[in-house]
Amino acid sequence: LMFGALVLMHDISDRFSAQCNLLYASYDYDDDSIAAGKIDSAIEVSGVLSYAVSESTSIEYKLGYLTPSYNDGAPEVLEDAYIGHALGLNVEF
C-alpha cells in the first residue's frame, strides 16, 4: 500500500475554519490472479467547514468525493465516483 495525503487548514475568522484534504492510495497485490476486481487505487478530495457557536459547541459540514479504480478482469465492477456529505453538531462537556 502506498498512501499520500495533503491537508490544508485555514482559520477564516476566530469562529470559522476550513480544512481541505487531498488523498491518494495505491494498492499492490502479490498474486495478480486473485487481484482481479479488487481496488487498484483511489483518490479522495474532501473538506470540512467548522463554525464555533460557543466555546463548547460547533457546527461542522463535511463534503467528500472519492473516485476508485479497480483492476481489470471484473466487468461487473463499475468504477463510479462517490460523493458524501454530513452536517453535525459537536457539543463538549
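Here, every reference points to the structure presented above.
Just so it is clear, the structure is predicted and the values come from calculations on it, not from any experiment.

1. Notes on the overall build of the protein chain
Alright, step 1. When helices and strands are tallied, the protein chain shows zero helices and five strands.
Alright, step 2. Its helices and strands in sequence order give the protein chain the pattern β-β-β-β-β, from N to C terminus.
Alright, step 3. Counting the 93 residues in the protein chain, one finds 20% classified as buried.
Alright, step 4. Sequence-distant contacts, at least 24 apart, represent 43% of the contacts inside the protein chain between residues at least 6 apart.
Alright, step 5. Accessible surface computed for the protein chain: about 7000 Å², of which carbon and sulfur atoms make up 57%.

2. Points about the pattern of salt bridges
Alright, step 1. For the structure shown, the criterion picks out one salt bridge.
Alright, step 2. For Glu60, the salt bridge is made with Lys62, and the minimal N-O distance between the two is 3.8 Å.

3. Quick look at the packing of aromatic side chains
Alright, step 1. Enumeration according to the criterion identifies one aromatic pair in this entry.
Alright, step 2. With 6.5 Å between their ring centres and 55 degrees between their planes, Phe16 and Tyr51 make a pair best called tilted. Of this pair, Phe16 sits in strand β2 (residues 16–26) while Tyr51 sits in strand β3 (residues 39–52), placing them 35 residues apart in sequence.
Alright, step 3. Judged by relative accessible area, which is 27%, Phe16 ranks as partly exposed.

4. Some details on the side chain of Ser50
Alright, step 1. As for its position among the elements, Ser50 is in strand β3.
Alright, step 2. Accessibility expressed as a relative area gives 14% for Ser50, which makes it buried.
Alright, step 3. Sequence-distant contacts of Ser50, defined by excluding residues within four places in its chain, comprise Arg15, Phe16, Ser17, Ser58, Ile59 and Glu60.

5. Looking at the sheet that holds strand β5 (residues 82–91)
Alright, step 1. As summarised here, the arrangement of the five strands in space is β1-β2-β3-β4-β5, forming an open sheet in which the pairing is antiparallel. At either margin of the open sheet sits one strand with a lone partner, and together these are β1 (2–11) and β5. Between one strand axis and the next, the sheet turns through 15 degrees on average, direction left out of account.
Alright, step 2. Bridge count between β3 and strand β4 (residues 57–70): 13 bridges; the pairing is antiparallel. Across the sheet, the residue bridging to Tyr51 is Ile59, located in β4.

6. A short note on the environment of Ala86
Alright, step 1. Turning to its location among the elements, Ala86 is positioned in strand β5.
Alright, step 2. On a C-alpha basis, the gap between Ala86 and Lys62 in space is 5.2 Å, while along the polypeptide they are 24 residues apart.
Alright, step 3. Those residues in contact with Ala86, other than ones at most four positions away along the chain, are Glu60, Tyr61 and Lys62.

Procedures and definitions
- Residues numbered from 1 in each chain as written.
- Predicted model: local features only at pLDDT ≥ 70, side-chain atom pairs only at ≥ 80, totals over all residues.
- Heavy atoms only, no water.
- Helix = DSSP H or I, 4+ residues; strand = E, 2+ residues; numbered from the N terminus.
- Buried < 20%, exposed > 50% of the residue type's maximum accessible area, 1.4 Å probe, protein only.
- Contact = heavy atoms within 4.5 Å.
- Areas by Shrake-Rupley, 256 points an atom, 1.4 Å probe, with all protein chains shown as cover.
- Salt bridge = Lys/Arg side-chain N within 4 Å of Asp/Glu carboxyl O.
- Phe/Tyr/Trp six-rings, centres within 6.5 Å; stacked < 30°, edge-to-face > 60°.
- Pairing = 2+ DSSP bridges.
- Axes fitted to C-alpha atoms, helices over the stretch in contact; angles between N-to-C directions.

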